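This is what each chain is made of:
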Amino acid sequence: MAALRRTQRTEHPAPPAHTGVAGTGLAVELTGVRRQYGRGAGAVHALRGIDLALPHGSFTAVMGPSGSGKSTFLQCAAGLDRPTAGSVRLGGTEITGMSENRLTELRRSRLGFVFQAFNLLPSLTVEQNVLLPMRLAGQRPDRSRAAEVLGQVGLGDKGARRPSELSGGQQQRVALARALVTRPDVVFADEPTGALDTTTAAEVLALLRSAVDRLGATVVMVTHDPVAAAHADRVLFLADGAIADTLPRTSPARIADRMRTLTAPAAHVGVAA
Ligand code: ADP
C-alpha cells in the first residue's frame, strides 16, 4: 500500500496545493499581529501590526535589516511565540489562545522547520532523523515515506548514514526531507542557506522551490540573502516591525536595491517603484 502510494506520488506530481487542504485555502494568515517586549517607556515594539495571507503552495521570503522583526515574525507565525495582540491561523486553524500542548502537537504534525544549523541528531541515522517528526507526532514511522522524501531531495541512497558522514549541503537536504515528511501545512525556514557555500546553497534553494512547485509545499523563509529571496514567489520587507513593502518574484539585484533603500539612513521610502 505504502509502496503503491510512493510510486504514484513519484510518477505524478502532487495536485495544486490549494485544492489539497481543507479549510480556508490559506496556509498562513496573520491579522493585526503585534508583539511587544516589556512595557511602558522601555517597551520594544518588535511587530507593530502584521496582516498577511499566504496561500497553500506559495514560497515567501522575509527580509529586513537586523532588528526589523524577522525572527519575532517567524516565531509568532510558527506558534513558537505568542503575539501580544492579533491572531494567527495555520492551515485554517486559529492558534491564538491554544494551550501549549495543543500548539506543540500542531507544530509537530502540521509544520516543518529548517534551520541554518541543520539541527540533525548526530546519533541517529539519516532515515531516523527524517522519521523523527512522525514519531514525535505519534504517527507510525513510515519507512517508505522516509525513502520517498529522501529520494525527492536526492539522497535516496543515504538513509543508513549518520549526519556527520554527509556534507553540509547534504545535511541540509536531510533537514528538508525531515521538514517535508509529514506533508506539513507550512515549512518555516530560518536562514536555511546561511551556513552553505554558494553552489550548495543554490542546490538547497532549488529543492525548496521544487518542493513548492512539484509537491505543493508552502514555504516561508527568512533570509538576508537576495539570491535566496529571488527563489521566492513574493518577498516581504520588514522594517521596524511592519511590512514596509512586498515584491513579486524578481531578480537578486532588484531585491538588493530594495534592501538598500530600506536600510539607508533616514530613508523614507514611499511608493516609488
Ligand atoms: P530580526 O530577526 O529582524 O533581527 P528580531 O525579531 O530579533 O529582529 O527583533 C526585533 C526587535 O525586538 C529588536 O529591537 C530586538 O532587539 C527586540 N527583541 C527581540 N527579542 C527580544 C526579547 N526577548 N526581549 C526584548 N527585546 C527583544
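Asker: Explain the packing of helix H7 (residues 168–180) against helix H8 (residues 198–215) here, please?
Answerer: Geometrically, a packed helix pair is captured by the angle between its two axes and the distance between the axes. The contact between H7 and H8 brings their axes to 9 Å, and the two run at 20°. Classed by the angle they form, the pair H7 and H8 counts as roughly parallel. In this structure, H7 meets H8 at a crossing whose hand is right-handed. Mapping the contact onto sequence places Gly169, Gln172, Arg173, Leu176 and Leu180 in H7 and Thr200, Glu203, Val204, Leu207, Leu208, Ala211 and Leu215 in H8. Here the residues of the contact of H7 with H8 sort into 7 nonpolar, 3 polar and 2 charged.

Asker: Can you walk me through the environment of Pro248 in this structure?
Answerer: Within the element layout of this structure, Pro248 appears in strand S10 (residues 242–248). Judged by its relative accessible area of 55%, Pro248 falls in the exposed class. Measuring from C-alpha to C-alpha, the distance between Pro248 and Ala230 comes to 9.3 Å, with 18 residues separating the pair along the chain. Not counting the four nearest positions on each side in its chain, Pro248 is found in contact with Asp233 and Arg234.

Asker: Whenever I open this one, the pairing of strand S3 (residues 59–63) confuses me. Can you help?
Answerer: On any regular strand, side chains alternate: one points to one face of the sheet, the next to the other face. For S3, the tally of buried residues reaches 5 of 5 residues, placing the bulk of the element in the interior. Neither face of S3 is exposed, since Phe59, Ala61 and Met63 on one face and Thr60 and Val62 on the opposite face are all buried. Note: S3 against strand S8 (residues 219–222), 4 bridges, orientation parallel. Looking at S8, one finds that Ala61 is bridged to Met221. As defined by bridge partners, S3 adjoins strand S9 (residues 234–239) across 4 bridges and the pair is classed as parallel. Bridge pairing in S9 places Met63 opposite Phe237.

Asker: Even after reading the chapter, I still don't get the site of the ligand, so can you show me in this structure?
Answerer: Taken together, Tyr37, Val44, Ala46, Pro65, Ser66, Gly67, Ser68, Gly69, Lys70, Ser71 and Thr72 are the residues near the ligand. In the environment of the ligand, an oxygen atom lies 3.2 Å from a nitrogen or oxygen atom belonging to the backbone of Ser68. For the ligand, the accessible surface in isolation is 560 Å², of which the surrounding protein chains cover 58%. When residues of the shell around the ligand are traced back to their parent elements, those giving at least two are strand S2 (44–55) and helix H3 (70–77). Ranked by the residues each element gives to the shell around the ligand, the list is headed by H3, at 3 residues.

Asker: Which parts of the structure should I look at to understand the pattern of salt bridges?
Answerer: Summed over all chains, the structure comprises 15 salt bridges. Salt-bridge contacts for Glu29 lead to Arg89; the nearest nitrogen and oxygen are separated by 3.7 Å. With a gap of 60 residues between them, Glu29 in strand S1 (residues 26–37) and Arg89 in strand S4 (residues 85–90) connect regions that are remote in the sequence. The partly exposed category is assigned to Arg89, whose relative accessible area is 27%. Residue Asp81 pairs with Arg35 through a salt bridge whose shortest N-O separation is 2.9 Å. With a gap of 46 residues between them, Asp81 in the loop between H3 and S4 and Arg35 in strand S1 connect regions that are remote in the sequence.

Asker: Could you clarify how one ought to interpret the sheet that holds S2 in this entry?
Answerer: Picture the strands of a sheet paired through backbone hydrogen bonds; they go either parallel or antiparallel. On the basis of which strands lie adjacent, the open sheet formed by 4 strands has the order S2-S1-S4-S5 and antiparallel pairing. The sheet is open, and its two edges are formed by S2 and strand S5 (93–94), each paired on a single side. Two elements, S4 and S5, share 2 bridges in a ladder whose sense is antiparallel. By the bridge assignment, Leu90 is partnered in S5 with Thr93.

What counts, and at which threshold
- Residues numbered from 1 in each chain as written.
- Predicted model: local features only at pLDDT ≥ 70, side-chain atom pairs only at ≥ 80, totals over all residues.
- Heavy atoms only, no water.
- Axes fitted to C-alpha atoms, helices over the stretch in contact; angles between N-to-C directions.
- Helix = DSSP H or I, 4+ residues; strand = E, 2+ residues; numbered from the N terminus.
- Parallel < 35°, antiparallel > 145°, perpendicular 65-115°, else oblique.
- Left-handed = near helix turned anticlockwise from the far one by under 90°.
- Contact = heavy atoms within 4.5 Å.
- Nonpolar A, V, L, I, M, F, W, Y, C, P; charged D, E, K, R; others polar.
- Buried < 20%, exposed > 50% of the residue type's maximum accessible area, 1.4 Å probe, protein only.
- Pairing = 2+ DSSP bridges.
- Near = heavy atom within 4 Å.
- Polar contact = N/O pair within 3.5 Å; in protein donor to acceptor, adjacent residues only side chain to side chain.
- Areas by Shrake-Rupley, 256 points an atom, 1.4 Å probe, with all protein chains shown as cover.
- Salt bridge = Lys/Arg side-chain N within 4 Å of Asp/Glu carboxyl O.

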